[in-house]
Amino acid sequence: SPILHEISYVGGFALFSAFIIFDTHRARSDAANEDFEPIDHALGIYLDAINLLVRIWEMTMRNKE
């Protein structure tokens, strides 16, 4: 059903936006620690951004139909 797809797209967009905000906050908080691993945090943010872009792409392709 089209309504469920729209809810899924918008929900996914909101979820991955929240993940980006959370991971960025966590990276900033952990940066003060001695055992800070910037690669791990950067990879998490990068994967969140890719998932967000996939959701945007899906919403764009859905609107073209």
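Rules and cut-offs
- Residues numbered from 1 in each chain as written.
- Predicted model: local features only at pLDDT ≥ 70, side-chain atom pairs only at ≥ 80, totals over all residues.
- Heavy atoms only, no water.
- Helix = DSSP H or I, 4+ residues; strand = E, 2+ residues; numbered from the N terminus.
- Buried < 20%, exposed > 50% of the residue type's maximum accessible area, 1.4 Å probe, protein only.
- Contact = heavy atoms within 4.5 Å.
- Salt bridge = Lys/Arg side-chain N within 4 Å of Asp/Glu carboxyl O.

A. Geometry of the side chain of His41. Within the secondary structure, His41 sits in helix 2 (residues 38–64). For His41, a relative accessible area of 11% corresponds to the buried category. Those residues in contact with His41 that lie beyond four places of it in its chain are Arg26, Ala27, Asp30 and Phe36.

B. Main features of the pattern of salt bridges. What the rule picks out here adds up to three salt bridges. As a salt-bridge pair, Glu6 and Arg62 come within 3.9 Å of each other at their nearest N and O atoms. Of this pair, Glu6 sits in helix 1 (residues 2–30) while Arg62 sits in helix 2; the two residues are 56 residues apart in sequence, bridging distant segments of the chain. Residue Glu6 is classed as partly exposed on the basis of its relative accessible area, which comes to 34%. In this structure Arg62 comes out as partly exposed when scored by relative accessible area, which is 25%. In this structure, the salt-bridge partner of Arg55 is Glu58, at a minimum N-O distance of 3.6 Å. In this pair, Arg55 and Glu58 both sit in helix 2, three residues apart, roughly one turn of the helix.

Keep in mind that these numbers describe shape and distance, not what the molecule does.
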